[in-house]
Amino acid sequence: MGKQIAIIGLGLMGGSLAKALQSKWDVTITGVDQDQTTIETAMAERTIQYGLNHLETLSWEVFDLIIFCTPIEITLQWMERIDGKVKDTATVIDIGSTKGQVMQLAAKVNYDFIGGHPMVGSEKSGYIHSKGHLFENAYFILTPLEQSKEEKITLLYEMIDAIGAMPITMDAEQHDLFTAVISHVPHIIASALVHMIKEFDHKEVLIKLAAGGFKDITRIASSSPHLWQHISLSNKEKIDLVLKQLLTTIDEYKQRLREENNDYLFTYFSKAKEMRDQIVDTVNTDIPKQYALIVDIEDRPGMIAKISTLLYEHQINIKNIGIIHNREFENGCLKIILENRLDQVSAYQVLQKHEYLVFK
Ligand SMILES: NC(=O)C1=CN([C@@H]2O[C@H](COP(=O)(O)OP(=O)(O)OC[C@H]3O[C@@H](n4cnc5c(N)ncnc54)[C@H](O)[C@@H]3O)[C@@H](O)[C@H]2O)C=CC1
Ligand SMILES: O=C(O)C(=O)Cc1ccc(O)cc1
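If you're wondering where the values come from, they're calculated on a predicted model, not measured in any experiment.

With that settled, consider the site of ligand 2. Around ligand 2, the structure places 11 residues, and the nearest of them are Ser97, His117, His187, Arg219 and Ile220. One of the side-chain nitrogen or oxygen atoms of Ser97 is found 2.7 Å away from an oxygen atom of ligand 2. For ligand 2, an oxygen atom lies 2.8 Å from a polar atom in the side chain of Arg219. Alone, ligand 2 offers 350 Å² of accessible surface; in the complex the protein occludes 94% of this. Counting only domains with at least three residues in the shell around ligand 2, you end up with domain 1 (3–170) and domain 2 (175–260).

Listed below in structure tokens is the structure:
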């Protein structure tokens, strides 16, 4: 019969986790979501064996693993309400984007709660956008308490391995600072850049012209406002600290620009380039960026061969092809480099025609 798992919240993340666990582990999944259509779809697709549209009557004591995939404030409410209701051998986790608040509460409740955060997602939300291979090659952060039991951490390592992700352990404080730096503040800045447009005349023209860099850097401003409102409130101290540091950097730039300090300006951009190029290197060591396509596929044997053959049949030369082994903030995990722009466009069309999810 396998493990009895409850997944609370079957949206983008919960739906994806349910799909991944259903296909990769020996499990019986009960899915709970307030949205009845979500439950019906997940049942029809056999993502879950049992479905419920409210939490009040859930038999918490039957589950080996309970996973909260709800907005953080809902997770906090229910973490308190289930105290005394889960069995001793159960492991309870969440996958929320901030860890300070949940881990403070985890230290008080009388069951074993370990924080989790897969460092992958998208600007979309809801079950409709969920996919079983979302977690492949993504980092999955765990924030255990000092008293967390070894066998429960091991179980979560097994789960992370089963869904194709890579576990990293840290404490909640460190997690919230790191994510403020690499995720939360970048989301705030992306939205600030979009707001900046309205401060200037000819807004419509500016929007029309906003391509290239502006479009790249503001993609994440299209994320769920509800999600980011709650992430912001739930990590306000760390976000404040990081924003302060960022404003110091910008103020210094402004000052040096006024002084026309040429050396400073060059160093500003060259140091940033040097560091940004290193990030690209850790994501993928040997694939250059130009004429690239990203294909959202499952990381399983034969997929590269299948796509290479398809492009070969259409006389499209591949310069390089490889799996991206860190999917954080990426749309897909197979990266293809083409010889030239024409091949890039042709490959894009061929792959789309064969119903691959492909990004330029
Ligand atoms: N969206 C992303 O890219 C990522 C999100 N996360 C975290 O995952 C969690 C969920 O986010 P998403 O899946 O993106 O949101 P979502 O909006 O796609 O899904 C949330 C689901 O929870 C359900 N829900 C809300 N309140 C409920 C309640 N009281 N009872 C039952 N169901 C309820 C909603 O109906 C919805 O289906 C959040 O805590 C977020 O911080 C973590 C990593 C990435
Ligand atoms: O799509 C993107 O770029 C994201 O930033 C997705 C994301 C959103 C929230 C998280 O806690 C982790 C990842």
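Here helix α1 (residues 12–24) is 13 residues long and its end C-alpha atoms lie 18 Å apart, about the 18 Å a rise of 1.5 Å per residue gives. Counting buried positions along α1 yields 10 of 13 residues, so the element is predominantly enclosed. Buried within α1 we find Leu12, Met13, Gly14, Gly15, Ser16, Leu17, Ala18, Ala20, Leu21 and Gln22. Contact partners of the buried residues in α1: β1 (3–8), β2 (27–32), β4 (65–68), β6 (113–118) and α5 (150–162).

The 8 strands lie next to each other as β3-β2-β1-β4-β5-β6-β7-β8, forming an open sheet whose pairing is mixed. Strands at the two margins of the open sheet, each flanked by one partner only, are β3 (50–52) and β8 (166–169). For this sheet, the mean angle separating the axes of adjacent strands, direction not counted, is 25 degrees. Pairing of β4 with strand β5 (residues 91–94) involves 4 bridges; the strand directions are parallel.

Take the domain arrangement of the chain next. Taken domain by domain, the chain holds domain 1 (3–170), domain 2 (175–260) and domain 3 (292–359). Computed from C-alpha coordinates alone, the two centres of domain 1 and domain 2 are separated by 30 Å. Across the contact, 14 residues belong to domain 1 and 15 residues belong to domain 2. The contact between domain 1 and domain 2 buries some 1200 Å² in all, and 61% of this surface belongs to carbon and sulfur atoms. Seen at the junction of domain 1 and domain 2, the total is 1 salt bridge. For the interface between domain 1 and domain 2, the tally reads 7 residue pairs in polar contact (both at pLDDT 80 or more). Listed by contribution, the elements that provide at least two residues to the side of domain 1 that touches domain 2 are α3 (72–81), α4 (100–106) and β7 (139–143). Partitioning the side of domain 1 that touches domain 2 into residue classes produces 4 nonpolar, 7 polar and 3 charged.

Here is what the cut-offs are and how they apply
- Within each chain, residues carry numbers counting from 1 in the order of the written sequence.
- Chain letters and ligand numbers both follow the written order, the letters beginning at A and the numbers at 1.
- Where local features are concerned, this predicted model is filtered to residues with pLDDT of at least 70; where side-chain atom pairs are given and counted, the filter is 80 or more; whole-chain, interface and lining totals use all residues.
- Processing note: side-chain calculations cover all non-hydrogen atoms of the structure and skip hydrogens and water entirely.
- Throughout, near means a residue has at least one heavy atom within 4 Å of the molecule or strand.
- Between N or O atoms, a polar contact is any pair within 3.5 Å; within protein, one atom must be a potential hydrogen donor and the other a potential acceptor, and residues adjacent in sequence are included only when both atoms are from side chains.
- Only the protein chains shown count as cover for residues, and all accessible areas are computed by the Shrake-Rupley method using a 1.4 Å probe.
- Domain delimitation in this document rests on an assignment produced automatically or drawn from a domain database.
- Only DSSP runs of H or I with at least four residues qualify as helices, and only runs of E with at least two residues qualify as strands; both kinds are numbered from the N terminus onward.
- A helix's residues, less one, multiplied by 1.5 Å, set its expected span.
- Type-normalised accessible area, obtained with a 1.4 Å probe on protein chains alone, sets the label of each residue: buried when under 20%, exposed when over 50%, and partly exposed for intermediate values.
- The contact definition used throughout considers only heavy atoms, calling two residues in contact when any of these lie within 4.5 Å.
- Here the rule is simple: two strands pair whenever DSSP picks up at least two bridges between them.
- The axes are straight lines fitted to the C-alpha atoms, using for helices just the contacting stretch, and the angles between their N-to-C directions are given from 0 to 180°.
- When two parts are brought into contact, each loses some accessible area as probed by a 1.4 Å sphere; the total of that loss over both is the buried area.
- Salt bridge, as applied in this entry: a Lys or Arg side-chain nitrogen positioned within 4 Å of an Asp or Glu carboxyl oxygen.
- Charged means Asp, Glu, Lys or Arg here, nonpolar means Ala, Val, Leu, Ile, Met, Phe, Trp, Tyr, Cys or Pro, and polar covers whatever is left, Gly included.

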